[in-house]
Amino acid sequence: MNLFIDAGNTRLKWCLANQDEVLASGTGSLEDENPLGMSGELIGKVVSVAISTVASEERRTHLAGSVEKLCQAPVRFYWSEQSRNGLMNAYQDVSRMGADRWHGMYGAWLDHRQGFAVLDAGSAVTVDYVDRHGQHLGGYILPGLQMMLRSLRTDAARIWFDPDQGLATDPGKSTGECVNHGLAWLSAAMIERVIADARKLSLSEILVTGGDADRLIGLGLPGISRPDLVLSGLRAIHAEETSG
Ligand SMILES: Nc1ncnc2c1ncn2[C@@H]1O[C@H](COP(=O)(O)OP(=O)(O)OP(=O)(O)O)[C@@H](O)[C@H]1O
Ligand SMILES: CC(C)(CO)[C@@H](O)C(=O)NCCC(=O)O
Ligand SMILES: [K+]
């Protein structure tokens, strides 16, 4: 079995899979001693490890070391590419693009050839557009929802509030409401823009992934929830690279 890991800035997601099916999946944290939280029985099945990561070089090295030791298996990292299987990256310097964006787009490309947007609402939010010819048209990088709340709390002296996951967007009448409704209101505005862009660019689907995907869908994003998007792109690339 192969172990696949999507290591973001906050959490990591993993799945244990062979060519056709996923045996197990879970989440973990780079901060934990056992970063995957996998049982010994599952760890024993791992013969190779493929990782997509946007973590710092220091955290990446640490992850590689601990996974290698834990699984006694070779670890391979996958990065952004210029093109693959008809999908073409708009970046001139693809080495600068977060691997999660490329793997998410590739996961989407395998199932949707009619043009799509990928919205990854993680520690940061990314939006990427791909047309029906497989051409990546470019994208956006925005602060994530938790990141915005954290910056309000730490950078503004008189803003005290309890964060909530509410969906209300009407004008707030307390600090807490102003902050929480403000975040939902901003997210709703982003959703409107993504919808308008998708229409203008003739993209037929919006695929949503990341920890805050459900929140955005709750706020009206007409998207398909694909929590596994990055891992499924990574699995496909690993299979292509190691077959034959
Ligand atoms: N159990 C959880 N732990 C942490 N964040 C969570 C959890 N559930 C939902 N979230 C939300 O998910 C967001 C982080 O998303 P995700 O886990 O996809 O990040 P990530 O993959 O580490 O980030 P990135 O890839 O952007 O670096 C946070 O803004 C938070 O609101
Ligand atoms: C934007 C994030 C943090 C989203 O996870 C990641 O894709 C990243 O670190 N990207 C590097 C910059 C870029 O994609 O251009
Ligand atoms: K991510």
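Read on for an overview of the structure.

Cut-offs used in this document
- Residues numbered from 1 in each chain as written.
- Chains lettered and ligands numbered in written order.
- Predicted model: local features only at pLDDT ≥ 70, side-chain atom pairs only at ≥ 80, totals over all residues.
- Heavy atoms only, no water.
- Near = heavy atom within 4 Å.
- Polar contact = N/O pair within 3.5 Å; in protein donor to acceptor, adjacent residues only side chain to side chain.
- Areas by Shrake-Rupley, 256 points an atom, 1.4 Å probe, with all protein chains shown as cover.
- 1 Å grid on protein atoms, 1.4 Å probe; cavity = no way out; pocket = protein on both sides within 12 Å on 5 of 7 lines; lining within 4 Å.
- Sits in = over half its atoms within 2 Å of the grid points.
- Helix = DSSP H or I, 4+ residues; strand = E, 2+ residues; numbered from the N terminus.
- Nonpolar A, V, L, I, M, F, W, Y, C, P; charged D, E, K, R; others polar.
- Expected span 1.5 Å × (residues − 1).
- Buried < 20%, exposed > 50% of the residue type's maximum accessible area, 1.4 Å probe, protein only.
- Arc of directions from axis to C-beta.
- Patch = residues over 30% accessible without salt bridge, like charges linked within 9 Å, V, L, I, M, F, W, Y side chains within 5 Å.
- Salt bridge = Lys/Arg side-chain N within 4 Å of Asp/Glu carboxyl O.
- Lys, Arg positive; Asp, Glu negative; His and termini not counted.
- Charge placed at Lys NZ, Arg CZ, Asp CG, Glu CD.
- Pairing = 2+ DSSP bridges.
- Axes fitted to C-alpha atoms, helices over the stretch in contact; angles between N-to-C directions.
- Parallel < 35°, antiparallel > 145°, perpendicular 65-115°, else oblique.
- Left-handed = near helix turned anticlockwise from the far one by under 90°.
- Contact = heavy atoms within 4.5 Å.
- Domains from an automatic or database assignment.

1. What to know about the site of ligand 2
- Near ligand 2 the following residues occur: Asn-9, Val-54, Tyr-91, Arg-96, Met-97, Gly-98, Asp-100, Arg-101, Ala-124, Thr-126 and Ile-141.
- At 2.6 Å from an oxygen atom of ligand 2 is found a side-chain nitrogen or oxygen belonging to Tyr-91.
- Here an oxygen atom of ligand 2 and a side-chain polar atom of Arg-101 are 2.8 Å apart.
- Burial of ligand 2 by the protein amounts to 75% of the accessible area it has alone, namely 390 Å².
- Mapping ligand 2 onto the cavity grids shows that it belongs to the largest pocket.
- Elements supplying a minimum of two residues to the shell around ligand 2: helix 3 (99-111) and strand 9 (124-130).
- A class-by-class count of the residues in the shell around ligand 2 yields 5 nonpolar, 3 polar and 3 charged.

2. A closer look at helix 2 (residues 57-71)
- Between its first and last C-alpha atoms helix 2 spans 21 Å; for 15 residues at 1.5 Å apiece the expected length is 21 Å, and the two agree.
- Arg-60, Leu-63, Ala-64, Val-67 and Cys-71 are the residues of helix 2 that are buried. Along the axis of helix 2, the buried positions cluster into a sector of 100°, meaning they face one direction only. Looking at helix 2, the residues exposed on the side facing more than 90 degrees away from the buried face are Glu-58 and Lys-69.
- Two residues or fewer past helix 2, Gln-72 is found with a positive phi of approximately 50°.

3. Observations concerning a negative patch on the surface
- On the surface, Asp-162, Asp-164, Asp-170 and Glu-177 cluster together into a negatively charged patch.
- Here Asp-162 falls in the exposed class, since its relative accessible area comes to 65%.

4. Let's talk about the sheet that holds strand 11 (residues 205-209)
- Strand order in the open sheet formed by 5 strands is 10-9-8-11-12, with mixed pairing between adjacent strands. Single-partner strands in this sheet number two, and they are strand 10 (136-143) and strand 12 (224-225).
- Here strand 11 pairs with strand 12 via 2 bridges, running parallel. By the bridge assignment, Leu-207 is partnered in strand 12 with Ile-224.

5. With respect to the packing of helix 4 (residues 145-155) against helix 5 (residues 175-200)
- Running from amino to carboxyl end, helix 4 crosses helix 5 at an angle of 140°, the nearest separation of the two axes being 11 Å. In terms of orientation, helix 4 and helix 5 fall into the oblique class. In the crossing of helix 4 with helix 5, the sense of the turn from one axis to the other is right-handed. Contact with helix 4, carried on its side by Leu-145, Met-148, Leu-149 and Leu-152, involves Val-179, Asn-180, Leu-183, Leu-186 and Ser-187 of helix 5 and no other residues of that element.

6. Some details on the site of ligand 1
- Neighbouring residues of ligand 1: 15 residues in total, closest Asn-9, Thr-10, Arg-11, Lys-13 and Asp-212.
- Between ligand 1 and Ser-123, the relevant distance is 2.9 Å, taken from an oxygen atom to a side-chain nitrogen or oxygen of the residue.
- Within the backbone of Ala-124, one N or O atom sits 3.2 Å away from an oxygen atom of ligand 1.
- Taking 640 Å² as the accessible area of ligand 1 by itself, protein coverage stands at 76%.
- Placement of ligand 1 is best described as lying within the largest pocket.
- Considered class by class, the residues forming the shell around ligand 1 number 3 nonpolar, 8 polar and 4 charged.
- Counting the residues that make up the shell around ligand 1, at least three belong to each of domain 1 (2-77) and domain 2 (113-227).

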